[in-house]
Amino acid sequence: MNLTDNQVAALKDLLYKMADDQLILGHRNSEWTGLGPILEEDIAFSSMAQDKIGQAYQLYSILNELGESEPDTIAFTRNANQFHCCDYVCHPIGQYDFSLVRHFFFDNAELIKFNTLASSAFDPLAMLARKFKGEIKYHTMHANTWIKQLAQGNEESKTRIQNSINEGFNLALGIFEQGTFEKELVDSKFYIGEEAVMNEWYATVKEIIESVGLTIPALDLSNAVNGGRKGQHSSHLQPMLTEMTEVYAIDPSADW
Amino acid sequence: MIIKSLDPRVDRNEMDADATFGGLESMDQWQTYEVFHQTKRGQHHVHVGNVHAPNHDMALMFGKEQFARRGATVNLWVVKSADVFATDYADSDIFESTAEKLHRDAGSYKVMDRINAYKERVKQEL
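Residues numbered from 1 in each chain as written. Chains lettered and ligands numbered in written order. Predicted model: local features only at pLDDT ≥ 70, side-chain atom pairs only at ≥ 80, totals over all residues.

**Here's the deal with the overall build of chain B**
Consideration 1: For chain B, the count of helices and strands is three helices and three strands.
Consideration 2: N-terminal to C-terminal, the α/β element order of chain B is α-β-β-α-β-α.
Consideration 3: In summary, chain B has a C-alpha radius of gyration of 26 Å against a globular reference of 14 Å for 126 residues, an excess of more than 25%.
Consideration 4: Among the 126 residues that make up chain B, the fraction classed as buried is 11%.
Consideration 5: A fraction of 40% describes how many contacts in chain B between residues 6 or more apart in sequence connect residues 24 or more apart. (Helix = DSSP H or I, 4+ residues; strand = E, 2+ residues; numbered from the N terminus. Rg over C-alpha atoms; globule rule 2.2 N^0.38 Å. Buried ≥ 20, exposed ≤ 12 C-beta atoms within 10 Å, placed from the backbone. Contact = placed C-beta atoms within 7 Å.)

**Section: the interface of chain B and chain A**
Consideration 1: Contact residues are listed per partner, giving 13 residues for chain B and 13 residues for chain A.
Consideration 2: Looking at the side of chain B that touches chain A, the elements that each hand over two or more residues are helix H1 (8–12), strand S2 (46–52) and helix H2 (56–67) of chain B.
Consideration 3: The element that contributes the greatest number of residues to the side of chain B that touches chain A is H2(B), accounting for seven residues.
Consideration 4: For the side of chain B that touches chain A, the per-class residue count stands at six nonpolar, two polar and five charged. (Nonpolar A, V, L, I, M, F, W, Y, C, P; charged D, E, K, R; others polar.)

**Thoughts on the environment of Ile74(A)**
Residue and element names in this part refer to chain A.
Consideration 1: Residue placement: Ile74 occurs in helix H3 (residues 71–76).
Consideration 2: Separated by 42 residues in sequence, Ile74 and Trp32 have C-alpha atoms that sit 24 Å apart.
Consideration 3: Leave out the neighbours within four places in its chain, and Ile74 touches Tyr60, Leu63, Glu68 and Ser69.

**Some points on the sheet that holds strand S3 (residues 75–80) of chain B**
Residues and elements named next belong to chain B.
Consideration 1: Taking strand neighbours across the sheet as the criterion, the three strands line up as S2-S1-S3 in an open arrangement whose pairing is antiparallel. The two strands at the open ends of the sheet, each matched to only one other strand, are S2 and S3. On average, each strand axis in the sheet is inclined to that of its neighbour by 30°, with strand direction left out of account. (Pairing = 2+ DSSP bridges. Axes fitted to C-alpha atoms, helices over the stretch in contact; angles between N-to-C directions.)

**Here's the deal with the packing of helix H5 (residues 96–117) of chain A against helix H6 (residues 123–151) of chain A**
If you want to describe how two helices pack, look at the angle between their axes and the distance between the axes.
Residues and elements named next belong to chain A.
Consideration 1: Close contact between H5 and H6 brings their axes to 8 Å; oriented N to C, the two are set at 150°. By the criterion of interaxial angle, the relationship of H5 to H6 is roughly antiparallel. With respect to the hand of their crossing, H5 and H6 are arranged in left-handed fashion.
Consideration 2: Here the contact of H5 with H6 is composed, by residue class, of 13 nonpolar, five polar and four charged. (Parallel < 35°, antiparallel > 145°, perpendicular 65-115°, else oblique. Left-handed = near helix turned anticlockwise from the far one by under 90°.)

**Quick look at H2(B)**
Consideration 1: If you check H2(B), its first and last C-alpha atoms are 15 Å apart, about what twelve residues at 1.5 Å a residue would give, namely 16 Å.
Consideration 2: Every buried residue of H2(B) is listed here: Met58(B), Ala59(B), Met61(B), Phe62(B), Gly63(B), Lys64(B) and Glu65(B).
Consideration 3: Contact partners of the buried residues in H2(B): helix H2 (39–65) and H6 of chain A together with strand S1 (32–38), S2 and S3 of chain B. (Expected span 1.5 Å × (residues − 1).)

**Considering the environment of Asp7(B)**
Residue and element names in this part refer to chain B.
Consideration 1: Tracing the backbone shows Asp7 in the segment before H1.
Consideration 2: Judged by C-beta crowding, with 12 C-beta atoms within 10 Å, Asp7 ranks as exposed.
Consideration 3: Between the alpha carbons of Asp7 and Thr32 there is a distance of 32 Å; along the sequence they are 25 residues apart.

**Some thoughts on the packing of H5(A) against helix H7 (residues 155–173) of chain A**
Residues and elements named next belong to chain A.
Consideration 1: Contact pair H5 / H7: the axes reach a minimum separation of 9 Å and the direction vectors enclose 50°. Taken as axis vectors, H5 and H7 run oblique relative to one another. Judged by the twist between their axes, the crossing of H5 over H7 is right-handed. Packed against H5, whose contacting residues are Asp97, Phe98, Val101, Arg102 and Phe105, the element H7 presents Arg160, Ile161, Ser164, Ile165, Glu167, Gly168 and Ala172 at the interface.

**Focus: the nonpolar core**
Consideration 1: By size, the foremost hydrophobic cluster in this structure holds 61 residues, and its most contacted members are Leu14(A), Leu15(A), Ala19(A), Leu59(A), Val89(A) and Ile175(A).
Consideration 2: For Ile175(A), the residues in contact, after removing those within four places along its chain, are Cys86(A), Tyr88(A), Phe106(A) and Ala109(A).
Consideration 3: The next biggest cluster of nonpolar side chains, apart from the first, holds 13 residues, and it includes Ala49(A), Val51(B), Ala53(B) and Val78(B). (Core = buried A, V, L, I, M, F, W, Y, C linked by C-beta atoms within 7 Å.)

**Some thoughts on unusual backbone geometry**
Consideration 1: You will see that Lys189(A), though not glycine, has its phi angle at about 60°, which is positive.
Consideration 2: Turning to its location among the elements, Lys189(A) is positioned in the loop between helix H8 (182–187) and helix H9 (194–211).
Consideration 3: Judged by the 11 C-beta atoms lying within 10 Å of it, Lys189(A) falls in the exposed class.
Consideration 4: Unusually for a residue other than glycine, Glu14(B) sits at a positive phi of about 45°.
Consideration 5: With respect to the element layout, Glu14(B) can be found in the loop between H1 and S1.
Consideration 6: For Glu14(B), a count of 8 C-beta atoms within 10 Å corresponds to the exposed category.

So, in structure tokens, the structure goes:
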């Protein structure tokens, strides 16, 4: 497939957004390893965090084929303002309800994104999307089961989940912040675009949340926490990157 | 005193080293479910262990990560441990059987030689 310069730039923009989301959220979720609420959940959440790092690696590998640096270099040598992840994934893990709701909002968006990408005109991405299908499907099954369970638990669990939904919703809208190449991506049939994904996502999470007796805020994009896609992040990202790259930075040329 | 650790995540949690543990109450732990794993459609499900879970949905969800995250899997079963009925080990002697039962032993079939000959032939053809 011969790509125009503009198409390559558009694809890189899309891939960086997706891969950075996966890497940062994967790292954040791995912070629960050993500290999870119960053993089985600790293992499940850690395993899904590893899935995310693996997916990030493969997306960075496509970027590498498009002319960007090696995956490790991309992952470990950039500063916060060079990351294109949304702000939501950068936030500290907080209490478990915050992490769980973030996992619920984010992975339901991922599922829709990758389902549509499975028929992308950019073959390498379409192939990856089909490969990730099972992992992401399980992630949403895990998230949806927990939301249902906690919504139907006691007053405390119900209140906590509802508060985390309210707290996370505007952050979650930042997942769908549009970039400068939106039109190019849609016109080239690489991606259906953030707006289409967001509308399907909202309908999906709304149905799940309301079916278990909780409420979801109205869809109002003026409240979306944007900026992340342009490298403008809250103060949470840089300290996390410093911690994440601590070992790499000791000797960047080391062979693992 | 706050626990000091090499792990920054532990430090961030500001855990009190002097905190005393209140102990468990009954139902602090979820019930257990036995997990059965199938590697290929049509094959038997094999018991692989158990998980704690409040209901079968959660048990299936946990079972996948505990017992099916490596290697081939097509299906999982979970069954409440409480719904599994077992014989008593004190009665293990019921499984002992006397050997003098030629009428039960396929080795004494009159057609055994023909069965063995057939097996041998099939093996050679393979």
